[in-house]
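Chain residues, written in single-letter form:
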Amino acid sequence: MLKGKTALVTGSTSGIGLGLAKALAAQGANIVLNGFGDVDGPKAEVAALGAQVAYHGADMSKPAEIADMLTYAAAQFGRVDILVNNAGIQHVSRIENFAPERWDAIMAINLSSAFHATRLALPAMQAAGWGRIINVASVHGLVASAEKSAYVAAKHGVVGLTKVTALENATTGVTCNAICPGWVLTPLVQKQVDAKAAALGVSNDDAIKAILGEKEPSMQFTTPEELGALAVFFCSPAGNNVRGVAWNMDGGWVAQ
Ligand code: NAD
């Protein structure tokens, strides 16, 4: 379905981003990966699906590097048709103890990077008359949790940015939507599981039960594969008039 299209997925060397990249690759899209850590493993996983794959190591907190990555992606494949703004970090602390530099880093990586990548990707999508921008927000773009001030503020911002991007392009073939996962067991969340296990003095499994039990009625993690299927839907012809939604996949979290 996406043969000949190119998807740039930020923060795609791990977790949800890698899952979304693989889902789009399985539909035939060329993939530009981004993120830190091991690159060869993720590249091989995407290439195994038959996709052409490239990588750019832009630090998403640095606008000049984001610009460089968009230029690189266009040079590799002609144009970015699908932009997935996924890179993100977490820091957990009460506001009065929240380190200002952690706040700044979360704002830069979780929110401002989506603005920069979007503003740089839009002109080519508009000229082509087709484009998909998918912002990985969170249930924390819709509701709050204590001790996540920067993350919740940034993710609410991502949902707002999604709506404005959708509205400004509403008469074009460019759509913008957000995905709002509940808990997904990725390295980002494993750190919170480890912290819970240490705080309660319990096993990994019991810490997972405690974490899911606080918020997620299904008592199940959402998987990167399930999120990937939603991203593919947004890119499908059926998604042509889906504009500005913030779609939660959260086991009932925000239904409460
Ligand atoms: P992860 O830690 O597994 O992956 C994060 C990715 O972002 C990695 O590839 C990492 O290298 C990259 N990254 C981090 N900082 C970067 C930077 N400065 N520049 C470039 N890349 C950078 O985390 P994840 O759980 O897969 O999270 C992906 C997205 O999903 C984030 O935006 C996160 O907020 C969101 N999310 C996660 C969950 C969850 O439960 N895991 C729930 C809702 C939303």
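- In the nomenclature of an unreviewed UniProt entry, the protein corresponds to 3-hydroxybutyrate dehydrogenase from the organism Rhodoferax antarcticus ANT.BR.

**A word on the site of the ligand**
- Taken together, 30 residues are adjacent to the ligand, and S14, N86, Y151, V184 and T186 come closest.
- Here an oxygen atom of the ligand sits 2.8 Å away from a polar atom, N or O, in the main chain of I16.
- Contacts to the ligand include G182, whose backbone N or O atom sits 3.3 Å from an oxygen atom.
- Counting residues per element, the ones that place at least two in the shell around the ligand are helix 1 (15–26), helix 5 (149–168) and helix 6 (187–200).
- At three residues, the largest contribution of residues to the shell around the ligand is made by helix 6.
- For the shell around the ligand, a count of residues per class yields 16 nonpolar, 12 polar and two charged.

**Some details on the packing of helix 3 (residues 63–77) against helix 4 (residues 100–128)**
- Close contact between helix 3 and helix 4 brings their axes to 10 Å; oriented N to C, the two are set at 35°. Two packed elements cross with a definite hand, and for helix 3 against helix 4 that hand is right-handed. Between helix 3 and helix 4, the contacting residues are P63, I66, A67 and L70 on the first element and S113, H116, A117, L120 and A121 on the second.
- The class makeup of the residues in the contact of helix 3 with helix 4 is seven nonpolar, two polar and no charged.

**Considerations on the sheet that holds strand 5 (residues 131–136)**
- If you walk across this open sheet you meet the seven strands as 3-2-1-4-5-6-7, and the pairing is parallel. The sheet is open, and its two edges are formed by strand 3 (53–56) and strand 7 (246–249), each paired on a single side. The sheet shows a mean angle of 20° between the axes of neighbouring strands, taken without regard to direction.
- Pairing geometry for strand 4 (residues 82–85) and strand 5, over four bridges, is parallel. Looking at strand 5, one finds that N85 is bridged to N135.
- Across the sheet, helix 3 lies against strand 1 (6–9), strand 2 (30–34) and strand 3, angled at about 160° from strand 3, the strand it touches most.
- Packing of helix 4 onto the sheet brings it into contact with strand 4, strand 5 and strand 6 (174–181), and relative to strand 4 it is tilted by some 175°.

Basis of the calculations
- Residues numbered from 1 in each chain as written.
- Predicted model: local features only at pLDDT ≥ 70, side-chain atom pairs only at ≥ 80, totals over all residues.
- Heavy atoms only, no water.
- Near = heavy atom within 4 Å.
- Polar contact = N/O pair within 3.5 Å; in protein donor to acceptor, adjacent residues only side chain to side chain.
- Helix = DSSP H or I, 4+ residues; strand = E, 2+ residues; numbered from the N terminus.
- Nonpolar A, V, L, I, M, F, W, Y, C, P; charged D, E, K, R; others polar.
- Axes fitted to C-alpha atoms, helices over the stretch in contact; angles between N-to-C directions.
- Left-handed = near helix turned anticlockwise from the far one by under 90°.
- Contact = heavy atoms within 4.5 Å.
- Pairing = 2+ DSSP bridges.

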